[in-house]
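Per-entry structural report
Residue strings, one per chain:
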Amino acid sequence: MVKKLLFSLLILFSCTIVAQTKKTRKMLSEIKEQWTLDDSGNVTYQKILELPELSKDIIYPRSLNFFSYNLENEPLSLTEDRELGMLLVKGVFDRVHSTGVFLDYTHIHCLNLIRIDVKDEKARILVTLSAYEIESGNVGEDDLPLISSSKVNQEFPINPSGRNKTMMGKAFYKSHMRAISLMDKISNALENGNTSPSLEDRDW
């Protein structure tokens, strides 16, 4: 009886894994053409904005203020060069994917680099997915979670031979969606301000 039960559980577990793998591959196929690799092999997104009638002196403060108004987490670091019109921010997409089996859990965070270049009437946004931070532990234990890290380009699907294809595939898909959402939010902030055009009008 016990052997039959264990065999049934094994079959159920195997079917679930196969179904999840198919679902993950379908998710990834939907975004296949939406990301590119830069010269260093990192996943990078680029968006160029035309901002007619907006000077660099208006666009640059908007880009800087974005990180105070809109980021879900505090930037890990921020480097700015007002003269060159460049901002470089190291950030993190917190818990892009979480999974658990009984009391064991895994949270995956995605470290990213955000660069904004501005000049009169124009801006360029670059978002790079640099590394995963993988946090593993057990909710029933008082020990601190184990933390490991790996480059995004070393994991599936960037590396077709990467391990844990379902888990890392979902982590990449969700990181991708967060990157696209972030670029849209930055675009809106540069075009319209971080509050509203009327509130940020200089003639107040």
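To start, this report covers the structure provided alongside it. Values in this document were obtained by computation on a predicted structure and should not be read as measured data.

In total, this model carries two aromatic pairs according to the counting rule given. Where tryptophan 35 meets phenylalanine 172, the ring centres are 5.3 Å apart and the plane angle is 75°; that geometry is what we call edge-to-face. Remark: phenylalanine 172 occurs in helix α3 (residues 165-192) and tryptophan 35 occurs in the loop between α1 (2-30) and β1 (36-37); sequence separation between them is 137 residues. Classification of phenylalanine 172 by relative accessible area gives buried; the value is 0%. On the numbers, 5.3 Å between centres and 90° between planes, the contact of phenylalanine 66 with phenylalanine 67 is edge-to-face. For the pair formed by phenylalanine 66 and phenylalanine 67, the shared burial category is buried.

With that out of the way, let us pick up unusual backbone geometry. Going from phenylalanine 156 to proline 157, the amide bond is cis rather than trans, its omega being 10°. Tracing the backbone shows proline 157 in the loop between β7 (146-151) and α3. A positive phi angle, near 65°, is found at glutamate 121, a position not held by glycine. Here glutamate 121 lies in the loop between β5 (104-119) and β6 (122-138). What makes glutamate 121 partly exposed here is its relative accessible area of 40%. Positive phi, normally seen in glycine, also occurs at asparagine 164, with a value near 50°.

Counted according to the given criterion, the structure contains five salt bridges. Residue glutamate 30 is joined to lysine 26 by a salt bridge in which the shortest nitrogen-to-oxygen separation is 3.2 Å. Residue glutamate 30 and its partner lysine 26 are located together in helix α1, separated by four residues, close to a single helical turn. By relative accessible area, which is 44% here, glutamate 30 ends up partly exposed. Looking at lysine 26, the relative accessible area reads 53%, which means it is exposed. A salt bridge links aspartate 184 to lysine 47; the nearest nitrogen and oxygen atoms lie 3.3 Å apart. Separated by 137 residues along the polypeptide, aspartate 184 in helix α3 and lysine 47 in strand β2 (residues 43-50) bring together distant segments of the chain. A relative accessible area of 43% means that aspartate 184 is categorised as partly exposed. Relative accessible area serves as the criterion here: at 28%, lysine 47 is assigned to the partly exposed category. In the salt-bridge network here, residues are joined through shared partners; they are Arg115, Asp117 and Arg124.

Take α3 next. For α3, which comprises 28 residues, the first-to-last C-alpha distance of 40 Å matches the rise-based estimate of 40 Å (1.5 Å per residue) to within 8%. Immediately beyond the C-terminal end of α3, within one or two residues, lies glycine 193, with a positive phi of roughly 90°.

This part is about the environment of leucine 54. Within the element layout of this structure, leucine 54 appears in the loop between β2 and α2 (56-69). We classify leucine 54 as buried; its relative accessible area is 15%. With 136 residues separating them along the chain, leucine 54 and leucine 190 place their C-alpha atoms 9.3 Å apart. In this structure, leucine 54 is in contact with Ile59, Arg62, Asp120, Glu121, Leu190 and Glu191, ignoring residues within four places of it in sequence.

Another point: the pairing of strand β4 (residues 86-101). As defined by bridge partners, strand β3 (residues 77-81) adjoins β4 across five bridges and the pair is classed as antiparallel. Bridge pairing links serine 77 to lysine 90 in β4. Connecting β3 to the antiparallel partner β4 that follows it, the hairpin turn spans four residues, and glycine 85 within it adopts a positive phi of roughly 70°. Judged from the 13 bridges that link them, β4 and β5 form a sheet pairing that is antiparallel.

Here is what the cut-offs are and how they apply
- Residues numbered from 1 in each chain as written.
- Predicted model: local features only at pLDDT ≥ 70, side-chain atom pairs only at ≥ 80, totals over all residues.
- Heavy atoms only, no water.
- Phe/Tyr/Trp six-rings, centres within 6.5 Å; stacked < 30°, edge-to-face > 60°.
- Helix = DSSP H or I, 4+ residues; strand = E, 2+ residues; numbered from the N terminus.
- Buried < 20%, exposed > 50% of the residue type's maximum accessible area, 1.4 Å probe, protein only.
- Salt bridge = Lys/Arg side-chain N within 4 Å of Asp/Glu carboxyl O.
- Expected span 1.5 Å × (residues − 1).
- Contact = heavy atoms within 4.5 Å.
- Pairing = 2+ DSSP bridges.

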